[in-house]
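Overview (structure and organization)
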Amino acid sequence: MKRMHTSVLTLACACLLALSACGGDSADTAADTAPSAVPPSSATSAAPDASAPSTASAADVVGDKKLCQSAQVASDEMRVAFVKAVQSGDTSAATMKKILGGLEEKMTELASQGGGDSKVAAALGKFSTEAGRAAAAKDPAAAADNPTFAKAGVDLTAACKTAGVSVTF
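Note that this is a predicted model, so its numbers are computed, not measured. Per chain, residue numbering runs from 1 following the sequence as it is written. In keeping with the predicted nature of the model, local features appear solely for residues at pLDDT of at least 70, side-chain atom pairs appear and are counted solely at 80 or more, and the whole-chain, interface and lining totals rest on all residues. With hydrogens and water stripped out, all remaining heavy atoms of the structure feed into the side-chain values.

Thoughts on helix α3 (residues 64–88)
For helices the rule is a DSSP run of H or I covering at least 4 residues; for strands it is a run of E covering at least 2, with both sets numbered from the N terminus onward. What a helix is expected to span follows from its residue count: subtract one and scale by 1.5 Å. For α3, with 25 residues, the first-to-last C-alpha span of 36 Å sits near the 36 Å given by 1.5 Å per residue. Phi turns positive one or two residues past the end of α3, at Gly89, with a value near 85°.

What about the pattern of salt bridges?
If the charged atoms of two oppositely charged side chains come close together, the side chains can form a pair. Salt-bridge detection follows one rule: a side-chain nitrogen of Lys or Arg within 4 Å of a carboxyl oxygen of Asp or Glu. For the coordinates displayed, the defined rule picks out 4 salt bridges. Between Asp76 and Arg79 there is a salt bridge, with its nearest N and O atoms 3.2 Å apart. Taken together, the positions of Asp76 and Arg79, both in helix α3 and 3 residues apart, correspond to about one turn of that helix. Measuring nitrogen to oxygen at the nearest pair gives 2.7 Å for the salt bridge that ties Lys106 to Glu77. Residue Lys106 is found in helix α4 (residues 93–113), and its partner Glu77 is found in helix α3; the two are separated by 29 residues along the sequence.

So, the nonpolar core
Considering soluble globular proteins, one finds that nonpolar side chains tend to be buried as a cluster. In terms of nonpolar packing, the biggest core is built from 31 residues, with Met107, Val120, Leu124, Phe127, Leu156, Cys160 and Phe169 touching the most fellow members. Listed by contribution, the elements that provide at least two residues to this core are α3, α4, α5 (119–136) and α7 (147–162). Should any heavy atoms of two residues lie within 4.5 Å, those residues are considered in contact. Not counting the four nearest positions on each side in its chain, Cys160 is found in contact with Cys68, Val120, Val165, Val167 and Phe169. By nonpolar core we mean a set of buried residues, namely Ala, Val, Leu, Ile, Met, Phe, Trp, Tyr and Cys, connected to one another through side-chain atoms within 4.5 Å. Each residue is assigned to one of three classes by its accessible area relative to the maximum for its type, calculated with a 1.4 Å probe on protein chains only: buried under 20%, partly exposed between the two thresholds, exposed over 50%.

Concerning the state of the cysteines
Our working definition of a disulfide is a cysteine sulfur pair at a distance within 2.5 Å. Overall, the coordinates contain 1 disulfide when judged by the stated rule. What pairs with Cys68 in a disulfide is Cys160, and their sulfur atoms sit 2.1 Å apart. On the S-S bond that ties Cys68 to Cys160, the torsion sits near -95°, and the link is left-handed. Taken together, the residues Cys68 in helix α3 and Cys160 in helix α7 connect sequence positions 92 residues apart.

Focus: the packing of aromatic side chains
The aromatic pairing rule takes the rings of Phe, Tyr and Trp, using the six-membered ring of Trp, and pairs them if the centres are within 6.5 Å, calling planes under 30 degrees apart stacked, those over 60 edge-to-face and the rest tilted. In total, this model carries 2 aromatic pairs according to the counting rule given. Note on Phe127 and Phe149: the rings are 5.2 Å apart at their centroids and 50° apart in plane angle, and the pair reads as tilted. Residue Phe127 is located in helix α5, and its partner Phe149 is located in helix α7; the two are separated by 22 residues in the primary sequence. Judged by its relative accessible area of 9%, Phe149 is buried. One aromatic cluster in this structure is built from Phe127, Phe149 and Phe169.

In structure tokens form, the structure reads like this:
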């Protein structure tokens, strides 16, 4: 069982590294790749319903391009934290829960900043929901390796591409 868990984590790390090499057209800076100090969200936190209108006021609405760029930064921070955890050998459920919980929290915040008709905000909402489900699981690393989470990432990537931002989630 331990060997299988390690194999899944190794494969997930390799996939994340490959995806990060493909994503984004922005220049990397230390601020873009610094791990976040945001504590994980609780398992009971609720992601916004993708079909519900946004609660952001017109003055607070962020454009889809900016949402995608901010989501890429959050995703990069998660990747950095994940790689550090794997390199240090700390792939415990608590560590994975913290990483995925932080991703959920940031994506939920970004989704709330989009307009009510924003396809990017809707995709961010679905992606954050899946990150939250994985974080709340008994084995977060295994829970993150599922077709629904992968589809949410593909949908977010497609929405960002439509908005003119080339990223991979």
